[in-house]
Amino acid sequence: QVQLVESGGGLVQPGGSLRLSCAASGFTLDNYAIGWFRQAPGREREAVSWISRSDISTHAADSVKGRFTISRDTDKRTVYLQMNSLKPEDTAVYYCAAGRIAAVTWARYDYWGQGTQVTVSS
């Protein structure tokens, strides 16, 4: 079955770093666009970074440009989100998602992981 499993979240101080992992199974990873989304309590789900099929292009929201980097390792069947210079406003549950077309809209994605909590606090 298709499955996406996030890991790597946790508690980190402002200015710190985390690397989130999204392990994929049940489909050909390179044939799908992958997006990282986040959702904080009381706020709408928002896209933070996404990568196209076959790594043709990568994108990031303005709020995380220069701080977050998305990458894919097809051999390990894993997508990563490297998060540097973390801020308290980055606190949220982070989800990875897979779809046929890279998009900023969460509804365009077909498969979702369960999420991993990231908390940025001193």
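Residues numbered from 1 in each chain as written. Predicted model: local features only at pLDDT ≥ 70, side-chain atom pairs only at ≥ 80, totals over all residues. Heavy atoms only, no water.

Bringing the nonpolar core into the picture now. By size, the foremost hydrophobic cluster in this structure holds 29 residues, and its most contacted members are Trp 36, Leu 81, Met 83 and Tyr 94. Within the second largest apolar cluster, six residues are counted, among which are Phe 37, Ala 47, Ala 97 and Ala 103. (Core = buried A, V, L, I, M, F, W, Y, C linked by side-chain atoms within 4.5 Å. Buried < 20%, exposed > 50% of the residue type's maximum accessible area, 1.4 Å probe, protein only.)

Bringing the packing of aromatic side chains into the picture now. Scanning all chains against the criterion turns up seven aromatic pairs. Ring geometry for Tyr 109 versus Trp 112: centroids 6.3 Å apart, planes at 70°, classification edge-to-face. On the basis of relative accessible area, Trp 112 is assigned to the partly exposed category, the value being 23%. Feature note: the residues Phe 37, Tyr 95, Tyr 109 and Trp 112 constitute an aromatic cluster, connected by ring pairs. The cationic tip of Arg 45 hangs over the ring face of Trp 106; the distance from NZ or CZ to the ring centre is 5.6 Å. Across the ring face of Trp 112, the terminal group of Arg 45 is positioned such that the distance to the ring centre comes to 4.7 Å. (Phe/Tyr/Trp six-rings, centres within 6.5 Å; stacked < 30°, edge-to-face > 60°. Lys NZ or Arg CZ within 6 Å of the ring centre and 35° of its normal.)

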